[in-house]
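# Tertiary structure, described
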Amino acid sequence: MRSLIIPLVILGLPIAEIAGFVVVGRELGLAMTLLAVLVSGVAGVLLLRIQGLGTLRRVQEAARAGKDPGPDLLGGALIFVAAILLIVPGFITDIAGVILFLPPVRRAISSFLQTRLTILTTGSGFYSGGRGSDRPRGPTIIDLDTDEFSRRNDDENGPSPPGNRISG
């Protein structure tokens with residue numbers, strides 16, 4: 001039964017959207033229907049930009065504070081899905097996108113998904129501040145591939161500046 005759900009959605013959603021266009025087009029007329037589709041697409045782009053930047057800021061703050069950014073990342077993914085649903089032409093996807101943009105709905109879906117998913121996070125690597133910050137002390141490791149650096153011959157080009165020598 002589960003294997004039939006995805007093909008039915010893939011085939012049924014476009015048919016339902018076309019039917020929605022016909023019904024709305026009869027009630028509002030062609031120009032208003034097209035305007036409604038355009039407005040929902042623009043709203044999706046704007047909401048993605050505003051909400052997405054807010055989510056990105058919260059993820060960065062959680063990472064700086066050493067907290068788990070997983071719930072904010074999941075919320076950001078749901079915002080992205082909601083925006084895509086608004087951007088895609090069609091009234092059924094617009095309704096689903098608007099519902100998914102509501103914070104209580106996103107929290108409910110997020111908590112449901114968190115019970116079903118395992119989210120692994122590691123050290124963030126985000127550090128802020130200069131002197132006296134909580135940045136780990138020790139040597140700075142820079143990992144380069146062989147095509148990202150070149151070796152210099154000290155005899156031909158003079159000695160390398162201190163700290164820029166590549167030993168190997």
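Residues numbered from 1 in each chain as written. Predicted model: local features only at pLDDT ≥ 70, side-chain atom pairs only at ≥ 80, totals over all residues. Heavy atoms only, no water.

## Some thoughts on the nonpolar core
Ile79, Ala82, Ala83, Leu86, Leu100 and Phe101 form the largest nonpolar core, which has six residues in total. Taken together, the elements giving at least two residues each to this core come down to helix H3 (70-87) and helix H4 (91-101). When residues of this core are assigned to their parent elements, the largest contribution, four residues, is made by H3. Residues within four places of Ile79 in sequence aside, it is in contact with Leu48, Gln51, Gly52, Thr55, Phe101 and Arg106. (Core = buried A, V, L, I, M, F, W, Y, C linked by side-chain atoms within 4.5 Å. Buried < 20%, exposed > 50% of the residue type's maximum accessible area, 1.4 Å probe, protein only. Helix = DSSP H or I, 4+ residues; strand = E, 2+ residues; numbered from the N terminus. Contact = heavy atoms within 4.5 Å.)

## So, the confidence of the model for the chain
Mean pLDDT over the chain stands at 79; residues scoring 70 or higher make up 74%. Helix H6 (residues 154-157) is the least confidently modelled element of the chain, averaging 53 in pLDDT, while H4 averages 93, the highest of any element. Contacts of residues 124-133 to residues separated by more than four positions or lying in other chains number eight contacts, the stretch itself having pLDDT below 50. (pLDDT = per-residue confidence, 0-100.)

## Observations regarding the side chain of Asp94
Structurally, the position occupied by Asp94 is in helix H4. As a buried residue without a salt bridge, Asp94 has its nearest oppositely charged side chain in Arg106, at a separation of 15 Å. Side chain to side chain, Asp94 and Ser40 meet in a polar contact 2.9 Å long. Residues in contact with Asp94, not counting those within four places in the same chain, are Ser40, Leu85, Leu86 and Val88. (Lys, Arg positive; Asp, Glu negative; His and termini not counted. Salt bridge = Lys/Arg side-chain N within 4 Å of Asp/Glu carboxyl O. Polar contact = N/O pair within 3.5 Å; in protein donor to acceptor, adjacent residues only side chain to side chain.)

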